[in-house]
Amino acid sequence: MTPATVRGGGFMSPSRAMFSSLALGFLFMTASAQQNAPPKIIAIRASRMLDVRNGSIVHDPVILIQDEKITAAGPSLKIPAGAEVMDLGDAMLLPGLIDCHTHLMARMSDDPQGYGLSLLTKSQAFRALEGAADARVTLRAGFTAVRDVESEGSGYADVALRDAINQGLVEGPRMQVATRGIAAVGKYFPFDISPDLVDFPTGAQMISGPEEARRAAREQIGHGANLLKVYADWGVPTLTIEEIRPIVEEAHKSKIKVAAHADSPEGIRNALTAGVDSIEHGHQADRGSFELIKQKNIFWVPTIGYYFYAVDTAKSPQPHKHMEETLQRARPNISTARELGVKIANGFDPASADEHGKNAREIIAMSKLGLPPIEAIRAATTNAAELMGWQDKIGSIEAGKFADIIAVSGDPIADVGELEHVKFVMKGGVAVRNEFAKH
Ligand SMILES: [Zn+2]
């Protein structure tokens, strides 16, 4: 989250795997593996398919699916006898979309102390159920995988949600979770809480010093984190290089990545020097910041869509000014990042009930701010998969990958806004939404 994504509270200033080799997902065995029964084959047919790698349109595509994975995809493929055919008519097929910066457990209100109130009034169990609802709308909007970059005071509820989704108990995207997040004492939500309330819950695990940092990292990894999230700044630089470094060491030992919230050039430099794997936000970044990001060959997750949509609806002057400034920097930032060849991944940073499921707004905003539609779509498919370390599993429609597929009526290259109107969603070979079905 950024200060502005929580309208109000402590508005100081502006302002991530992978694969844990154990924990995660992809473990649903399908019922079709029963002995004697022939394997169930699904064939999806439509009029067009976007090849996200080369940006071309494949006409009359057929995708063959077996046991939740794609076995073949291409134009006019022969459909095997006995296959279940899903004919989507004039639709265009795309790979399932990916959001690399979500907070599914966050439903903060507009109240200036909305964040604190959430911690004060909601049980962890309730937070988990909110997360389940958010996971469902996110999946149904076409986002078949998310990298959830910290649970915003709901402890390890994100681990529970991820595992429940993987077990088929609730409907949601494939998840990588960062668990609690790691921030400097006093430098993350909630702000302005009475100092007498010594045990008031916090929005992240608050640490001071390298040893506490290392302990936090070990705890979070031990409790199932697929990545770690650090806050390198919050208006001012916060965690030091010496504090971030042991977190990165512990994460990399466990083969997981570290995402850094970093807005300012100094915060970005500290995070990069300590060895993090992605910069989230970077709203105040300068050219030197992007040169450093490029030099390290890591990802930038711009999280600009929120500002793009909220600038006209901000309720008080201070957030409005901040949003305007952030938005004004976004266009040159995107152009500098493109010029330098910085890898960009999609992340909407939703943190309220209204925002979950609106993740396509980020893709649209990036496109309107100068990223060509195909590059904005790659940010939400192939690039996002690479950032998650899942490039062999998701992000494109290719044999061997999970059958995570969406479809729209129009052409998102001509009008990327089509991605706000996804009409067909399939995850792992199971269609959770199909408005093209013939009745
Ligand atoms: Zn965030």
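*Asks:* With reference to specific residues and values, describe the sheet that holds strand β8 (residues 97-102).
*Replies:* Read from one edge of the open sheet, three strands run β8-β9-β10, paired in parallel fashion. Both outer strands of the open sheet, β8 and β10 (174-177), are each paired with one neighbouring strand and no more. Along the sheet, successive strands turn relative to each other by an average axial angle of 15°, direction set aside.

*Asks:* Tell me what's going on with empty space enclosed by the protein, and back it up with residues and numbers.
*Replies:* Empty pockets left among the atoms are what a rolling probe the size of a water molecule brings to light. Taken as a whole, the largest cavity encloses approximately 50 Å³ of empty space. Along its surface, the largest cavity is lined by H281, G282, H283, W300, P302, I304, T326, R329, A330, N333 and I334. In terms of residue count, helix α9 (residues 317-340) provides more of the lining of the largest cavity than any other element does, five residues in total. By residue class, the composition of the lining of the largest cavity is five nonpolar, five polar and one charged.

*Asks:* An account of the packing of aromatic side chains is requested, with residue identities and associated values reported.
*Replies:* Centre distance and the angle of the planes are the two values used to describe a pair of aromatic rings. All chains considered together, the criterion is met by 12 aromatic pairs. Their ring planes at 15° and their centres at 4.6 Å tell us that Y115 and F189 sit as a pair that is stacked. Of this pair, Y115 sits in helix α1 (residues 114-121) while F189 sits in the loop between β11 (182-184) and β12 (205-207), placing them 74 residues apart in sequence. Take Y115: its relative accessible area is 2%, and that puts it in the buried class. Taking the centre distance of 5.4 Å and the plane angle of 65° together, the rings of F189 and F191 count as edge-to-face. Since its relative accessible area comes to 1%, F189 is described here as buried. The ring centre of F402 lies 5.0 Å from the NZ or CZ of K69, which sits over that ring. Directly above the ring of F402 sits R174, whose terminal nitrogen or CZ lies 4.1 Å from the centroid.

*Asks:* Help me get a handle on the packing of helix α6 (residues 265-274) against helix α7 (residues 287-296), residues and values and all.
*Replies:* Two elements in contact, α6 and α7, have axes whose closest approach is 10 Å; the angle formed by their N-to-C orientations is 15°. When the axis of α6 is compared with that of α7, the two are roughly parallel. In this structure, α6 meets α7 at a crossing whose hand is left-handed. Contact residues: α6 offers P265, I268, R269 and L272, while α7 offers S289, L292, I293 and K296. Here the residues of the contact of α6 with α7 are counted per class, giving five nonpolar, one polar and two charged.

*Asks:* Talk me through the confidence of the model for the protein chain; I want residue IDs and the actual numbers.
*Replies:* With 91% of its residues at a pLDDT of at least 70, the protein chain reaches an overall mean of 92. Low pLDDT (under 50) marks residues 6-33, which in the prediction has 101 contacts with non-local residues, meaning those over four places away or in another chain.

*Asks:* Describe in detail unusual backbone geometry, supporting the description with residues and values.
*Replies:* Note that the residue after F189, namely P190, is joined by a cis bond; omega there is 0°. With respect to the helices and strands, P190 occurs in the loop between β11 and β12. Backbone geometry at T179 places phi at a positive 55°, although glycine is not the residue there. Within the secondary structure layout, T179 lies in the loop between β10 and β11.

*Asks:* I'd like a rundown of the side chain of S118, residues and numbers included.
*Replies:* Relative to the elements of secondary structure, S118 occurs in helix α1. Judged by relative accessible area, S118 falls into the buried class, the value being 3%. Each residue touching S118, except ones within four places of it in the same chain, is listed here: R107, M108 and R127.

What counts and what doesn't
- Residues numbered from 1 in each chain as written.
- Predicted model: local features only at pLDDT ≥ 70, side-chain atom pairs only at ≥ 80, totals over all residues.
- Heavy atoms only, no water.
- Pairing = 2+ DSSP bridges.
- Helix = DSSP H or I, 4+ residues; strand = E, 2+ residues; numbered from the N terminus.
- Axes fitted to C-alpha atoms, helices over the stretch in contact; angles between N-to-C directions.
- 1 Å grid on protein atoms, 1.4 Å probe; cavity = no way out; pocket = protein on both sides within 12 Å on 5 of 7 lines; lining within 4 Å.
- Points joined across faces, edges and corners; volume = space filled by probe spheres on them.
- Nonpolar A, V, L, I, M, F, W, Y, C, P; charged D, E, K, R; others polar.
- Phe/Tyr/Trp six-rings, centres within 6.5 Å; stacked < 30°, edge-to-face > 60°.
- Buried < 20%, exposed > 50% of the residue type's maximum accessible area, 1.4 Å probe, protein only.
- Lys NZ or Arg CZ within 6 Å of the ring centre and 35° of its normal.
- Parallel < 35°, antiparallel > 145°, perpendicular 65-115°, else oblique.
- Left-handed = near helix turned anticlockwise from the far one by under 90°.
- Contact = heavy atoms within 4.5 Å.
- pLDDT = per-residue confidence, 0-100.

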